[in-house]
Structure formats: structure tokens, C-alpha cells
Amino acid sequence: MENFDLKKYISEGRLFEKEKPKDSKYGNKSRYKYKPQYIEGVKKILKYLTPQGRNYFLNQLKVQKSQYLCQGVEGECNIGNTDIAKEEIKQMLSNIGDIMTTDPIDIDIDWKSVTSKGDVENNRKALKTWLDIASKVYNELNDTTFLTALFKDLRIQKSNLFKFVAPILYRSKIYSNNSKYYTGKGTGKGYVEEHVIPSSYVSKLLFKMVIDNTVQEDFDILMSKYFQVLLNVEDDNKLDSAGFKSTMPSGWDFKTDDPWDRYIAGGVDLDTIEKI
């Protein structure tokens, strides 16, 4: 895979170039210049979704206090304040009727079941559909501004669609220090829920699929290699120390290469891992 830098797209789109509001009463607060493009992109995505799909999508933005929807004359949303985002969403829905399609493409998605505990195949179908829609909108606008912002917004929250598509399929045969199982890093004991292909790396691949309009061709290939391992802490530390915390070996190609290549390169003995 060609080295793909999401940050470069962001910087080229100047998404985060800020300017101070003309009204000085907001002090040092700053606002983003590209909110209109972002909202336009979101509206175009909504027109391809059923009401259930729209509710799911907008709720994701609202729950995580979308930093772009929150940009308004009253400044930025602070922690715990989603009022501005809610108002923006209300305004979107109030005037969206004239752009809604009569043929949404998510009719076979059960959005109510798209959760961390939901069926993985349904979750993957939902993500693939959403990415396909995002690709259509990108081709309409020919602008990465809203897309980079949207990816950032949707990945901020721990509970989001991007993280519902990697099932736990393997585990280390021996966990650390005979400690009980735990999730998350930091305690130094037990297991870690570890994505065999780092989730941030997968996000970049998905972004590139949207830009290149290859979601239909490439998504299922990537998902067939995307899963989690209950990895003991010692092996997780090996990956980090070897420089593979959030990346794959140089030149790794998701279409042709083995997802375990990162573990092998990081010094993890695959014989110590078993299928659940």
C-alpha cells in the first residue's frame, strides 16, 4: 500500500486553519472557517439515508459534540454542552425535505441493532453503506473538507461505527501474571483487546477507499482480515516497542498480505495464540 497520510489531507484542506471572531467579546476563542462545506456534505449524506439511518447518523454527531456543528456565533461547544449541535441538527432536518431521495440505499440496514454488541455482519454492512454514500458525496463535491472533518468527528467517540466491525476471534494462551481479563491498556496485567490491524491504520485505508471510490471493491477484503485478539500485555508491549503500535510493516498491502505480519515483525510468537 502506498503510504497515505490523513493529516496531509487535513492540512491541504486547511480544515483547522482558524480565525478569531470579529466580535471580541469571545476573547481568545476561535472558530473554524469551513463549517458551511461541512454542513453541506452532511446534508448530502442524509439524502441517501432512510429516516432510521438519518437518526443514527445525526445522533452520532450530537453525542460526540461534533466540533464542526458546534461552531456558531456563540463560540465553541464546551464539555457537556451539546445545545448548539442540537440546534444545528434541528435546522438541517427542518429544510432537508427538498433534497431527500425517494430511493435511499440503506433500506436493508437495521440501524437500531448497530451497536458494539450487535451482529458484526450487520455492523459491517452499515459501515460499508455509509462509506459508499460518503464516496458518492465526495464525488459530487470533489472536496475533502467535509470528509476529513466527518471522519475525525465520527472517530472521536469510543463507541462509534468504526469500532463495531472487528470481532474478538483470538486470544493469548497465557495471560499476564495470572491476572483476570481486562480491557484497555494501562494496568500492566491481563489481556488487551488488540486490533490485529490497528484501528487508526484501518481508518486511513477506509478514507482512501472513499476518496478513490473503491469501497465496493475493497471493503470486504479488508474486513476479512480485521479482527481483535485478546493479547497478553507482554506481547502487546512487544508490538509497541517494535514500533508497531499503530502501523503495519513497511509495504504491507491489505489486499495480498497476511494480517498477522505485524505480530511476526513485532516478535510475537503466533504459536502462543489460539482461536476462541
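That block above? That's the structure.
Residues numbered from 1 in each chain as written. Predicted model: local features only at pLDDT ≥ 70, side-chain atom pairs only at ≥ 80, totals over all residues. Heavy atoms only, no water.

S.K.: Can you lay out the overall build of the protein for me, pointing to particular residues and giving the numbers?
M.R.: For the protein, the helix and strand inventory stands at ten helices and six strands. Within the protein, the fraction of its 276 residues that count as buried is 48%. Total accessible area on the protein stands at roughly 14,100 Å², and carbon and sulfur atoms take up 47% of it. (Helix = DSSP H or I, 4+ residues; strand = E, 2+ residues; numbered from the N terminus. Buried < 20%, exposed > 50% of the residue type's maximum accessible area, 1.4 Å probe, protein only. Areas by Shrake-Rupley, 256 points an atom, 1.4 Å probe, with all protein chains shown as cover.)

S.K.: Run through empty space enclosed by the protein, naming residues and quoting values.
M.R.: Vacant regions in the atomic arrangement are exposed by a probe of water-molecule size rolled over the atoms. In the structure shown here, the tally under the stated rule is two cavities of 30 Å³ or more. A volume near 90 Å³ is recorded for the largest cavity. Taken together, Tyr-56, Phe-57, Gln-60, Trp-111, Trp-130, Leu-154, Asn-160, Leu-161 and Phe-162 make up the lining of the largest cavity. Residue classes in the lining of the largest cavity are distributed as seven nonpolar, two polar and no charged. Together, Phe-162, Lys-163, Val-165, Ser-199, Val-202, Ser-203, Leu-206 and Tyr-226 line the second largest cavity. Within the lining of the second largest cavity, the residues separate by chemical class into five nonpolar, two polar and one charged. (1 Å grid on protein atoms, 1.4 Å probe; cavity = no way out; pocket = protein on both sides within 12 Å on 5 of 7 lines; lining within 4 Å. Points joined across faces, edges and corners; volume = space filled by probe spheres on them. Nonpolar A, V, L, I, M, F, W, Y, C, P; charged D, E, K, R; others polar.)

S.K.: If you had to explain the nonpolar core to someone new, which residues and values would you point to?
M.R.: Membership of the largest hydrophobic core comes to 58 residues, with the highest contact counts inside it found for Phe-57, Trp-130, Leu-150 and Leu-206. Of all the secondary structure elements, the ones that give two or more residues to this core are α2 (35–46), α3 (51–63), α5 (120–141), α6 (145–156), α7 (199–212), α8 (215–223) and β5 (228–232). Apart from the residues lying within four places of it in its own chain, the contact partners of Leu-150 are Tyr-38, Val-42, Ile-45, Phe-57, Leu-61 and Trp-130. (Core = buried A, V, L, I, M, F, W, Y, C linked by side-chain atoms within 4.5 Å. Contact = heavy atoms within 4.5 Å.)

S.K.: Break down the pairing of β5 for me, with residues and values.
M.R.: In terms of residue burial, β5 counts as a mostly covered element, since five of its five residues are buried. Both faces of β5 are covered, namely the face carrying Gln-228, Leu-230 and Asn-232 and the face carrying Val-229 and Leu-231. Here strand β3 (residues 168–172) runs beside β5; their pairing, made up of three bridges, is parallel. Bridge pairing in β5 places Arg-171 opposite Leu-230. Inspection of the sheet shows strand β4 (residues 191–195) paired to β5 by five bridges, in the antiparallel sense. In the sheet register, Glu-194 faces β5, and the bridge partner there is Val-229. (Pairing = 2+ DSSP bridges.)

S.K.: So what about the side chain of Lys-225? Which residues, and what values?
M.R.: In this fold, Lys-225 is placed in the loop between α8 and β5. No salt bridge is formed by the buried Lys-225. Its closest oppositely charged neighbour is Asp-253, at 6.9 Å. Reaching out from Lys-225, the side chain makes a polar contact with the backbone oxygen of Asp-257 at a distance of 2.8 Å. Discounting chain neighbours no more than four positions away, the residues touching Lys-225 are Val-196, Ile-197, Phe-254, Lys-255, Thr-256, Asp-257 and Pro-259. (Lys, Arg positive; Asp, Glu negative; His and termini not counted. Salt bridge = Lys/Arg side-chain N within 4 Å of Asp/Glu carboxyl O. Polar contact = N/O pair within 3.5 Å; in protein donor to acceptor, adjacent residues only side chain to side chain.)

S.K.: How would you summarise the sheet that holds β5 if you had to cite specific residues and measurements?
M.R.: Strand order across the open sheet formed by four strands is β4-β5-β3-β6, with mixed pairing between neighbours. Two strands lie at the open edges of the sheet, namely β4 and β6 (273–275), each paired on one side alone. Within the sheet, the average angular offset between the axes of one strand and its neighbour, ignoring direction, is 30 degrees. Relative to β6, β3 runs antiparallel, the two sharing three bridges. Its bridge partner being in β6, Tyr-170 is matched across the sheet by Lys-275. Taken strand by strand, helix α9 (residues 233–241) contacts β3, β4 and β5, and its axis lies near 105 degrees from that of β5. (Axes fitted to C-alpha atoms, helices over the stretch in contact; angles between N-to-C directions.)

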